[in-house]
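Analysis of the macromolecular model
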Amino acid sequence: MPLLFVEIDNCFESAQVLAAKIDKYMRFGQRKVKDVDGKERPVWRTRWWVPDGRHGDRSHPPLLLVFNRIGPRNPNTVIAQLAELTERHWKGTAYEGGFHMYEGELPIVVTGMKQLQEHGPAGAVIRRFGRPQNQTLLEAIGNPCREAHDARKQAEYAARQREHQEELRRIAAEHRAEREARRPVVCAGCGTRFTDERWKAIEPAG
């Protein structure tokens, strides 16, 4: 399980109060200190180890909001308001190819306590702000659209490489056929039959 922060909300707090909490998470994620090697790093990275992430897509630790419907507030209404109030923290940058990158952003994912209890984090019951459909937890805090885009690009590159190698083999075969067509069977002077080795030796001299 990757590093993430968890907030349990019993539906008593307003979207504005929750947004203020998320502001604090964002400020914490942005805080930096000098590490033991003298290099400046985010404070949270000095306390917890996580992979460095891919270039251009290194976000702060995700925040999971779990709504436990005890209080009077409707979580669906709160979630919609909260997404709007905190958009500046989680909205990624769109790229051609249909994916976003989230450098320096705070991924926010939400679910209900009942759904989480019934299906667990491997169930498609997690909604990430900015995405239209529910996903599993790992999908929601990850970037499957970019991974799919990169996989397509790698497959296209591999296909081009195969085509290039096939073209090189075709050209080499044509050159071999041309050499064979020019090669005499026997020497005109002495009548000795040409071997492949002898022909290769004299061919450059004509």
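The structure displayed is predicted, hence computed values, not measured ones.

Counted by the stated rule, this structure contains 13 salt bridges. A salt bridge links Arg 170 to Glu 167, with the shortest nitrogen-to-oxygen separation between them at 2.4 Å. With Arg 170 and Glu 167 both in helix α7 (residues 144-182) and 3 residues apart, the pair spans about one turn of that helix. Using a relative accessible area of 34% as the deciding quantity, one classes Glu 167 as partly exposed. Within this structure, Glu 7, Glu 13 and Lys 21 form a network of salt bridges that share partners.

Turning our attention to the sheet that holds strand β7 (residues 108-112). Spatially, the 4 strands line up as an open sheet ordered β1-β4-β7-β8, and their pairing is mixed. Strand pairing shows two members of the sheet lacking a second neighbour, β1 (5-9) and β8 (127-128), which therefore form its edges. By the bridge criterion, 5 bridges tie strand β4 (residues 63-67) to β7 in an arrangement that is parallel. The residue bridging Val 66 from the neighbouring strand is Thr 111, located in β7. The strands that helix α1 (residues 15-30) touches are β1, β4 and β7; relative to β1, the one it contacts most, it runs at about 170°.

Residues Ile 22, Leu 65, Phe 67, Leu 82, Ile 108 and Phe 129 are the most contacted members of the largest nonpolar core, which totals 19 residues. Elements represented by at least two residues in this core include exactly α1, β4, α3 (75-85) and β7. A total of 6 residues in this core trace back to one element, the largest contributor, which is α1. Leu 64, Met 113, Ile 126 and Ala 140 belong to the second largest nonpolar core, which has 10 residues in total.

What follows covers the pairing of β1. Of the two faces of β1, the one holding Phe 5, Glu 7 and Asp 9 is buried and the one holding Val 6 and Ile 8 is not buried anywhere. For β1 and β4, the ladder comprises 5 bridges, and the chain directions are parallel. By the bridge assignment for β4, Val 6 is matched with Leu 64.

Here we come to the pairing of β4. In terms of burial, β4 is largely enclosed, as 5 of its 5 residues are buried. Where burial is concerned, the two faces of β4 agree: the one with Leu 63, Leu 65 and Phe 67 and the one with Leu 64 and Val 66 are both buried.

Right, let's talk about α7 for a bit. Structurally, the α-helix is built with 3.6 residues per turn, so residues lying three or four positions apart point the same way. Taking 1.5 Å as the rise per residue, α7 with 39 residues should run 57 Å; its terminal C-alpha atoms sit 57 Å apart, in good agreement. Among the residues of α7, Arg 146, His 149 and Asp 150 are the ones counted as buried. Looking at the buried residues of α7, the elements they touch are β6 (99-101).

By the element assignment, Thr 86 lies in the loop between α3 and α4 (87-90). A polar contact is formed between the side chain of Thr 86 and the backbone oxygen of Leu 82, at a distance of 2.7 Å. Among residues more than four places away in sequence, those in contact with Thr 86 are Ala 19, Ile 22, Ile 108 and Phe 129.

Scoring rules and cut-offs
- In every chain, residue numbers begin from 1 and rise along the written sequence.
- Per-residue local features of the predicted model are confined to residues with pLDDT of at least 70, and side-chain atom pairs are confined, for both listing and counting, to 80 or more; whole-chain, interface and lining totals are unaffected and use all residues.
- Side-chain descriptors were evaluated using all non-hydrogen atoms of the structure, hydrogens and water having been removed beforehand.
- Any carboxyl oxygen of Asp or Glu that lies within 4 Å of a side-chain nitrogen of Lys or Arg is treated as forming a salt bridge with it.
- Under the scheme used here, helices are H or I runs from DSSP no shorter than 4 residues and strands are E runs no shorter than 2 residues, and both carry numbers assigned from the N terminus.
- Residue exposure (1.4 Å probe, protein chains only): buried if accessible area is under 20% of the type maximum, exposed if over 50%, otherwise partly exposed.
- DSSP-based pairing: two strands are paired if at least 2 bridges between them are found.
- Note on contacts: a residue pair is in contact if any heavy atoms of the two residues lie within 4.5 Å.
- Under this scheme, a helix contributes an axis fitted over its contacting stretch, all axes are lines through C-alpha atoms, and angles between N-to-C directions fall in the 0 to 180 degree range.
- Residues belong to one nonpolar core when they are buried, are Ala, Val, Leu, Ile, Met, Phe, Trp, Tyr or Cys, and are joined through side-chain atoms within 4.5 Å.
- Expected span, for any helix, means 1.5 Å times one less than how many residues it has.
- In protein, a polar contact means a hydrogen-donor-capable atom and an acceptor-capable atom, both N or O and within 3.5 Å, with residues adjacent in sequence counting only if both atoms are side-chain atoms; elsewhere, any N or O pair within 3.5 Å suffices.

Purely geometric numbers; function is a separate question.
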